Amino acid sequence: MKDKQLDTENEELLVLKDVKTSFFTKKGVVRAVDGVNFTISKGEVVGLVGESGCGKSITSLSIMRLVPQPAGKIVSGEILFKNEDLLKKSEDEMRRIRGDRISMILQDPMVSMNQLLKVGYQLGEPYRYHHKVSGSLREMCIGLLKKVKVPAPESRVNDYPFQFSGGMCQRALIAMGIANGPDLLIADEPTTALDVTIQAQILKLMKDIQRESRSSIILITHDLATVAQICSRLLVMYGGRIIEKAPVKTFYKKPAHPYSVGLIKSVPVLGRPSGRLYSIDGQPPSLLDPPSGCRFAPRCTQAKKPCFEIYPPETILEEGHKVSCWLY
Amino acid sequence: MQGYILKRVLIAIVTMFVVLTVVFFVFRMGAADPVSIMLPPDATPKDAQKLTKKFGLDKPLIVQYGNFLKNAIRGDFGASFRYSEPALTVLFSRFPASLELGLVAFLMALSIGLSIGIISAVKPDSFIDRFGRVFALGGMSVPSFWAGVMLILFFGVTLRWLPIAGRGSLLNFIMPAFCLSLFPIALLTRLSRSAMLDALKSDYVVMARIKGVPEIRVILIHAFKNASISVVTVIFGIFQAMILGSVVIENIFSWPGIGRLVLTSFFFRDYPVVQVYVLFVTFLVVMFYLLLDIVYAYIDPRIRYQ
């Protein structure tokens with residue numbers, strides 16, 4: 001990663017302050033996002049990493065204010081986007097921000113496209129609903145497809161999504177995401193549903209687009225390799241909270257949280273015969289009425305008594321590297 | 001697309017031919033001997049022979065079948081015993097009444113059922129949703145003959161607000177049309193509600209919201225278009241059932257349509273009319289499904305491009 005990208009403009013674009021999002025179900029309150037704090041600077045690419053069900057996607061849907069209704073609700077906190085609290089905006093103001101200033105790419109490209117509407121129509125939507133449009137958006141849509149390198153865009157624009165491959169659908173979704181040149185693009189596992197070779201292409205495409213547009217990107221993934229390829233900074237999420245924040249390089253060299261250490265250890269390394277791959281014992285915690293202490297304590301080999309009782313505060317290890325763990 | 005339609009048309013033609021064949025043999029085997037029905041009780045065996053010969057019933061079955069097909073293609077299905085007019089003419093004279101009632105009932109079912117269904121899905125647990133669920137349960141469980149009689153008793157006899165029988169003014173429509181559409185409203189409410197709930201939960205709807213598409217368009221363009229695929233089949237079924245007339249409703253409200261005609265024709269052993277009724281109903285059903293296949297292809301490009 002180039003140093004230029006690490007040296008961000010240091011202007012805060014998005015600040016999450018103690019955001020809590022819960023689902024009110026018959027079984028009880030599921031605290032999917034339980035007090036999340038982080039900051040995204042302008043032009044920064046940040047990875048949000050964690051296992052399935054840790055609250056990554058709900059965090060991003062909270063930023064979009066699209067938490068599944070009626071069970072889900074953002075309970076408290078502040079989401080400052082360009083110094084304005086998104087949680088105080090009206091539904092219509094939010095709609096105007098969505099797809100224009102903040103956009104998002106979902107994880108399964110094939111089901112994220114409406115199968116009954118032409119690709120061109122769906123591509124044109126972000127522009128159509130944020131600008132005054134007179135006449136056809138065809139040319140603009142062709143341009144978008146060109147930008148994300150879909151071959152033969154002039155004819156492809158008239159296709160239906162089922163005539164596209166998975167990789168092409170993902171490209172089209174990225175095109176929709178960047179149609180209005182957003183300040184923030186949230187990519188929720190954009191490569192999970194794709195073949196490995198296509199994954200690499202999509203990541204390269206996102207990298208290129210980011211370099212060109214200087215949009216900030218939050219890349220949500222459970223794949224550390226993806227993060228290493230395009231992110232400058234990393235947030236590790238566990239049990240509805242961010243447990244470690246670090247620049248990517250620092251994280252790989254000296255991960256601080258025992259969970260992060262476990263994650264790094266369980267990445268297979270090419271050329272090193274390791275026998276059985278390392279895995280963290282136990283199950284991810286249920287977010288239904290979680291305990292008051294550290295969420296990772298029951299699986300942690302170094303857990304002591306306070307770990308089970310009080311949630312650890314955030315400790316600054318060095319510039320940009322913070323961890324929530326009683327070991328530090 | 002043209003090949004697709006051509007294929008459907010061919011299938012429809014073959015289906016019609018099979019139905020004609022089945023109807024011919026079922027009526028030859030099942031029905032009482034038409035000659036003995038038509039003749040007065042004091043007729044001689046010679047008269048019977050004469051009539052048998054006149055109708056060509058002395059010829060082998062296969063020849064009769066050939067004649068039947070030949071006449072059917074020309075639109076000749078024999079004369080009604082009761083009206084001494086071609087059976088088809090009798091049927092057609094009664095059909096407009098059924099069509100009229102059916103269309104009113106269909107439009108009622110469509111507008112009420114779909115709107116309750118969609119609103120219920122968009123606002124689950126709202127007043128409309130609760131009302132819709134109770135109404136749907138009631139509409140599906142209450143038999144239409146009972147609902148009809150109760151309506152007549154309440155609005156016709158007790159309150160004297162609505163006429164209880166016959167056709168004429170607009171007021172005459174209200175009760176029979178409501179009775180006829182009771183079940184379809186319930187069915188459409190439930191179906192469109194669940195189809196819309198599924199569609200609204202899907203990723204493409206979330207994606208549309210992410211793009212900042214206004215909510216009303218998310219509901220009607222993104223969600224409803226997808227939900228409509230499963231609803232369209234049922235809508236067609238309902239349309240066809242509605243305009244083909246209901247034997248039960250038409251008899252309860254003395255509505256002079258084909259449903260009432262076919263029942264009285266049974267009582268009078270007027271087989272040509274019954275036979276032409278069966279053929280007409282199947283013909284319309286086949287036509288509806290042909291149309292349905294074409295509409296499907298229009299809504300869902302995946303079918304069109306196969």
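Residues numbered from 1 in each chain as written. Chains lettered and ligands numbered in written order. Predicted model: local features only at pLDDT ≥ 70, side-chain atom pairs only at ≥ 80, totals over all residues. Heavy atoms only, no water.

### Remarks on the packing of aromatic side chains
Residue and element names in this part refer to chain A. By the definition in use, this model includes 18 aromatic pairs over all chains. Here the aromatic rings of Tyr160 and Phe162 are separated by 6.0 Å at their centres, their planes lie at 15 degrees, and the arrangement is stacked. On the accessibility criterion, Tyr160 (8% relative accessible area) is buried. Since its relative accessible area comes to 27%, Phe162 is described here as partly exposed. Here the basic side chain of Arg241 rests over the ring of Tyr311, its NZ or CZ set 3.7 Å away from the ring centre. (Phe/Tyr/Trp six-rings, centres within 6.5 Å; stacked < 30°, edge-to-face > 60°. Buried < 20%, exposed > 50% of the residue type's maximum accessible area, 1.4 Å probe, protein only. Lys NZ or Arg CZ within 6 Å of the ring centre and 35° of its normal.)

### Re the pattern of salt bridges
When their charged atoms lie close together, side chains carrying opposite charge are able to pair. Scanning all chains against the criterion turns up 29 salt bridges over all chains. Of the charged contacts, one joins A:Lys42 and A:Glu11 as a salt bridge, the two residues approaching to 3.0 Å between their closest N and O atoms. Of the two residues, A:Lys42 sits in the loop between strand 2 (28–41) and strand 3 (45–49) while A:Glu11 sits in the loop between helix 1 (3–6) and strand 1 (12–25), which places them 31 residues apart along the sequence. Taking relative accessible area as the criterion, A:Glu11 reaches 40% and is therefore assigned partly exposed. Here A:Glu91 and A:Arg98 are joined by a salt bridge, their closest N and O atoms 3.3 Å apart. When salt bridges with common partners are traced through the structure, they connect B:Asp125, B:Asp129, B:Arg130, B:Arg133 and B:Arg193 into a single cluster. (Salt bridge = Lys/Arg side-chain N within 4 Å of Asp/Glu carboxyl O. Helix = DSSP H or I, 4+ residues; strand = E, 2+ residues; numbered from the N terminus.)

### Details of the interface of chain A and chain B
Tallying the contact residues gives 29 residues for chain A and 22 residues for chain B. Summed over both partners, the interface of chain A with chain B buries about 2,200 Å², with 67% contributed by carbon and sulfur atoms. Applying the counting rule to chain A against chain B returns one salt bridge. Measuring nitrogen to oxygen at the nearest pair gives 2.8 Å for the salt bridge that ties B:Lys211 to A:Glu125. Linking chain A with chain B are nine residue pairs in polar contact (both at pLDDT 80 or more), by the criterion used here. (Contact = heavy atoms within 4.5 Å. Buried area = accessible area lost by both parts, 1.4 Å probe. Polar contact = N/O pair within 3.5 Å; in protein donor to acceptor, adjacent residues only side chain to side chain.)

### Section: the environment of A:Pro313
All names here are of chain A. Looking at where Pro313 falls in the secondary structure, it is placed in the loop between helix 13 (305–309) and strand 11 (314–318). Separated by 15 residues in the primary sequence, Pro313 and Tyr328 have C-alpha atoms spaced 9.9 Å apart. Once residues lying within four places of it in the same chain are set aside, the contact partners of Pro313 are Val323, Ser324, Cys325 and Trp326.

### Quick notes on the side chain of A:Thr21
All names here are of chain A. Secondary-structure assignment places Thr21 in strand 1. A distance of 2.8 Å separates the side chain of Thr21 from the side chain of Ser62, its partner in a polar contact. Sequence-distant contacts of Thr21, that is, excluding residues within four places in its chain, are made with Val30, Arg31, Ala32, Val33, Ile58, Ser62, Val67, Lys73, Ile74 and Val75.

### Digging into the sheet that holds strand 8 (residues 216–221) of chain A
All names here are of chain A. Spatially, the eight strands line up as an open sheet ordered 6-7-8-3-9-10-12-11, and their pairing is mixed. Two strands lie at the open edges of the sheet, namely strand 6 (102–105) and strand 11, each paired on one side alone. If you compare each strand with its neighbour and ignore which way they point, the axes differ by 20 degrees on average. Bridge analysis of strand 6 against strand 7 (residues 184–188) gives four bridges, and the strand direction is parallel. By the bridge assignment for strand 7, Ile105 is matched with Ala187. Against the sheet, helix 8 (residues 166–178) makes contact with strand 6 and strand 7, and its axis sits at roughly 175 degrees relative to strand 6, the strand it touches most. (Pairing = 2+ DSSP bridges. Axes fitted to C-alpha atoms, helices over the stretch in contact; angles between N-to-C directions.)

### A look at the pairing of strand 7 of chain A
Residues and elements named next belong to chain A. In terms of burial, strand 7 is a largely internal element, five of the five residues being buried. Of the two faces of strand 7, both are covered, the one formed by Leu184, Ile186 and Asp188 as well as the one formed by Leu185 and Ala187. With five bridges connecting them, strand 7 and strand 8 associate as parallel partners. When the sheet's bridge partners are listed, Leu185 is paired in strand 8 with Ile217. Of the crossover connections in this fold, the one passing from strand 7 over helix 9 (residues 196–213) to the parallel strand 8 is right-handed. (Right-handed = clockwise from strand over helix to strand, strands pointing away.)

Such coordinate-based values are descriptive only and should not be taken to indicate function.
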